[in-house]
Amino acid sequence: MATVTYRQPDGTVTVLDVPAGSTVMRGALTNGVEGIEGECGGDGICATCHVYVDHSPVPLPEIDENEGELLDCTSSPRKPNSRLSCQLPVTEELDSLVVTLPATQV
Amino acid sequence: MTTNATELPVFPWHRGCPMAPPDQYAEVRESDAPVRKVPLATGRTAWVVTRYDLIKQVLADPRSSSARAHEGFPYYIEIPEQFKTDCSFIGWDPPEHTVHRRMAALSGAFTKKRVLDMRPRMQEIVDECIDTMLELGPPVDLVGELALKVPLTIMCGILGIPNKDQAFLHSCTEILFGGGSSATQRAEAIERVGRYLEELVISKENDPGEDLISRMIKKYRDQDMYDRREMCNLTRLLMNGGHETSTAMIAIGVMTLLEHPEQLERLKANPQLVPGAVEELLRYLSPGDLATSRIAMEDMQVGDVLVRKGEGLILVGMSANRDPRVFEDPDTFDLERGDRNHLAFGHGLHHCIGSDIARTELEIVMTTLFRRIPDLRLAKHWSELRYKDGNVMYGVYEMPVTW
């Protein structure tokens with residue numbers, strides 16, 4: 001279990017305990033956090049689960065070629081801390097991760 | 001209400017109006033047994049799932065498999081063996097599915113960025129088709145001159161298929177997915193396409209161009225994974241997926257807008273409404289409605305029903321898209337609904353790889369057609385037209401229009 005904080009663009013904050021083995025995307029979708037679409041269900045195809053990572057207690061997995069190309073065409077602008085949340089597996093070490101959701105996903 | 005399968009006609013059920021689902025969808029969905037075991041036209045039985053939440057749940061569940069080669073897969077029409085064995089990643093599960101789908105996705109045609117780059121060429125193709133319509137003068141068959149030509153030209157351009165071969169390929173696709181053809185005819189069509197694609201793929205192996213097939217061959221070879229037969233199958237999948245559905249959406253989408261003249265006037269006055277209108281058309285018409293079937297690899301609970309390992313599931317997307325639990329007043333067409341949560345492209349890891357291409361095609365067609373031919377109207381009432389009904393893809397054969 002890891003505590004993940006989801007910040008909306010308007011400042012609203014949702015703090016969730018997400019089980020290890022899930023993903024940052026799935027944590028949001030299963031708990032009704034607005035702002036993540038996840039159209040393809042987490043296969044790294046649609047780029048509708050874009051987040052900005054504000055704080056991570058440990059280094060995150062590298063951005064691979066697929067994620068890189070998808071991040072180049074997200075609906076809200078790509079920033080240095082942009083990630084697709086389906087590509088961020090939740091582990092115990094990820095406790096206290098903070099992400100901000102973009103204004104738009106599609 | 002009971003779950004007795006004999007109460008319902010054999011599946012697939014048929015649309016009365018091309019813009020409305022079969023009556024049985026709402027009947028089953030709103031009953032106390034929205035997951036229902038029904039007899040299929042092939043003599044098998046399968047569970048038909050009708051509610052939005054349950055369909056989405058099954059599509060996201062790794063226990064529900066897309067393995068078309070599985071003996072229990074719920075085919076509702078007789079299909080040739082090749083359809084099961086040579087289907088490429090649409091009929092596979094992870095990890096094979098994921099590896100091969102990514103190879104296609106990364107070969108450069110499907111992501112939002114690549115589609116954006118293709119947009120000017122897509123606009124040219126749409127304009128050329130409308131030029132021809134105007135030259136021919138009314139009445140014109142909108143299917144032949146626009147709804148089919150636009151996606152087919154775009155897809156052939158992406159794949160690197162010469163324009164001269166389009167008519168041949170389309171005639172085969174129509175036999176395969178159009179409904180009304182026999183299993184023998186479908187097998188012959190598959191064989192003809194197979195021979196063509198093999199020659200095409202060999203020519204790309206020897207003389208690569210700037211097209212998707214050439215790029216995919218290179219990518220597979222670089223990773224020492226190249227297999228010619230699989231490349232032919234993948235090409236066929238992209239070819240088939242890339243035009244028949246879009247053709248239906250363009251034709252019946254235009255029909256739907258013409259049947260809602262007040263909304264069409266608003267759309268013409270404000271083209272910014274087009275992207276939202278496209279989403280509503282996708283929800284409302286769902287032409288790939290019958291394309292999502294699965295097989296349970298383990299026992300799984302779906303609503304009140306325990307689906308046993310080896311049983312088939314047919315997930316009727318158009319029923320989900322008309323589910324009043326999700327869409328208010330679902331049978332009303334409202335181009336300003338502003339909801340793209342529909343399942344017209346499926347959901348989960350088999351979500352349509354070409355969805356951005358399809359959306360862009362539809363946006364360009366709807367914007368350009370009604371700008372250039374503002375007085376467009378149907379030359380025949382929709383009830384006089386002939387439809388592709390009860391096969392994998394819904395559609396219309398011909399749709400004469402005038403202005």
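Each chain carries its own residue numbering, running from 1 in the written order of its sequence. Whichever chain is written first is A, and whichever ligand is written first is 1; the rest continue in order. With pLDDT at 70 or above as the cut-off, local features in this predicted model cover only qualifying residues; side-chain atom pairs require 80 or more to be listed or tallied, and sums for whole chains, interfaces and linings still use all residues. The side-chain numbers reported here are obtained from all heavy atoms of the structure, hydrogens and water having been left aside.

- Identification of chain A as 2Fe-2S ferredoxin-type domain-containing protein from Streptomyces griseorubens is taken from an unreviewed UniProt entry.
- UniProt's Sequence similarities (unreviewed entry) comment on chain A is quoted here verbatim: "Belongs to the adrenodoxin/putidaredoxin family."
- UniProt positions are given in the numbering used here, feature names are shortened, and annotations may be inferred rather than shown by experiment. In UniProt, chain A has this text filed under Cofactor (unreviewed entry): "[2Fe-2S] cluster".

1. A look at the overall build of chain B
Here is step 1: Helix and strand labels come from DSSP, where a helix needs a run of H or I of at least four residues and a strand needs a run of E of at least two; each type is numbered from the N terminus. Helix and strand content of chain B: 15 helices and twelve strands.
Here is step 2: For the radius of gyration, the atoms used are the C-alpha atoms, and the globule rule reads 2.2 Å times the number of residues raised to 0.38. Taken against the 2.2 N^0.38 rule, which gives 22 Å for 403 residues, the C-alpha radius of gyration of chain B at 21 Å falls within 12% of a compact globule.
Here is step 3: Note on exposure labels: buried denotes an accessible area under 20% of the residue type's maximum, exposed denotes more than 50%, and partly exposed covers the range between, all computed with a 1.4 Å probe on protein chains only. The burial tally for chain B puts 60% of its 403 residues in the buried class.
Here is step 4: Long-range contacts, defined here as pairs at least 24 residues apart, represent 73% of the contacts in chain B between residues at least 6 apart.
Here is step 5: Accessible surface, chain B as shown: approximately 16,400 Å² in total, 50% of it carbon and sulfur. Contact definition: two residues touch when any of their heavy atoms are within 4.5 Å. For the area figures, the Shrake-Rupley method with a 1.4 Å probe applies, and any residue is considered shielded solely by the protein chains shown.

2. Let's talk about the interface of chain A and chain B
Here is step 1: In this complex, chain A contributes 18 residues to the contact, which on the side of chain B involves 17 residues.
Here is step 2: For any pair of parts, buried area is found by adding up, for both, the accessible area (1.4 Å probe) each one loses once the two are put together. Buried surface at the junction of chain A and chain B, summed over both partners, amounts to about 1,600 Å²; 48% is from carbon and sulfur atoms.
Here is step 3: When residues of chain A are sorted by the area they lose upon contact with chain B, Glu39, Asp43 and Glu69 of chain A head the list and together hold 37% of the total.
Here is step 4: Each salt bridge in this description consists of a side-chain nitrogen of Lys or Arg and a carboxyl oxygen of Asp or Glu lying within 4 Å of one another. Where chain A packs against chain B, one counts two salt bridges.
Here is step 5: A salt bridge links glutamate 69 of chain A to arginine 114 of chain B; its shortest N-O distance comes to 3.0 Å.
Here is step 6: Polar contact is the term for a pair of N or O atoms within 3.5 Å; when the atoms are in protein, one must be able to donate a hydrogen and the other to accept it, and sequence-neighboring residues count only if both atoms are side-chain atoms. The tally of links from chain A across to chain B stands at two residue pairs in polar contact (both at pLDDT 80 or more).
Here is step 7: Under the scheme applied, nonpolar residues are Ala, Val, Leu, Ile, Met, Phe, Trp, Tyr, Cys and Pro; charged residues are Asp, Glu, Lys and Arg; polar residues are all the others, including Gly. Here the residues of the side of chain A that touches chain B are counted per class, giving six nonpolar, six polar and six charged.

3. A closer look at the pattern of salt bridges
Residues and elements named next belong to chain B.
Here is step 1: Tallied over the full model, the rule gives 33 salt bridges over all chains.
Here is step 2: Ionic pairing is found between arginine 372 and aspartate 131, a salt bridge with its closest N-O pair at 2.6 Å. In this pair, arginine 372 sits in helix α15 (residues 355-372) while aspartate 131 sits in helix α5 (residues 112-136), placing the two residues 241 residues apart along the sequence.
Here is step 3: The salt bridge involving aspartate 222 is made with lysine 218; its shortest N-O contact spans 2.9 Å. Taken together, the residues aspartate 222 and lysine 218, both in helix α10 (residues 212-222) and four residues apart, mark about one turn of the helix. You'll find aspartate 222 and lysine 218 in the same group, each marked exposed.
Here is step 4: It is possible to trace a salt-bridge network through shared partners that takes in Arg29, Glu30, Asp323 and Arg325.

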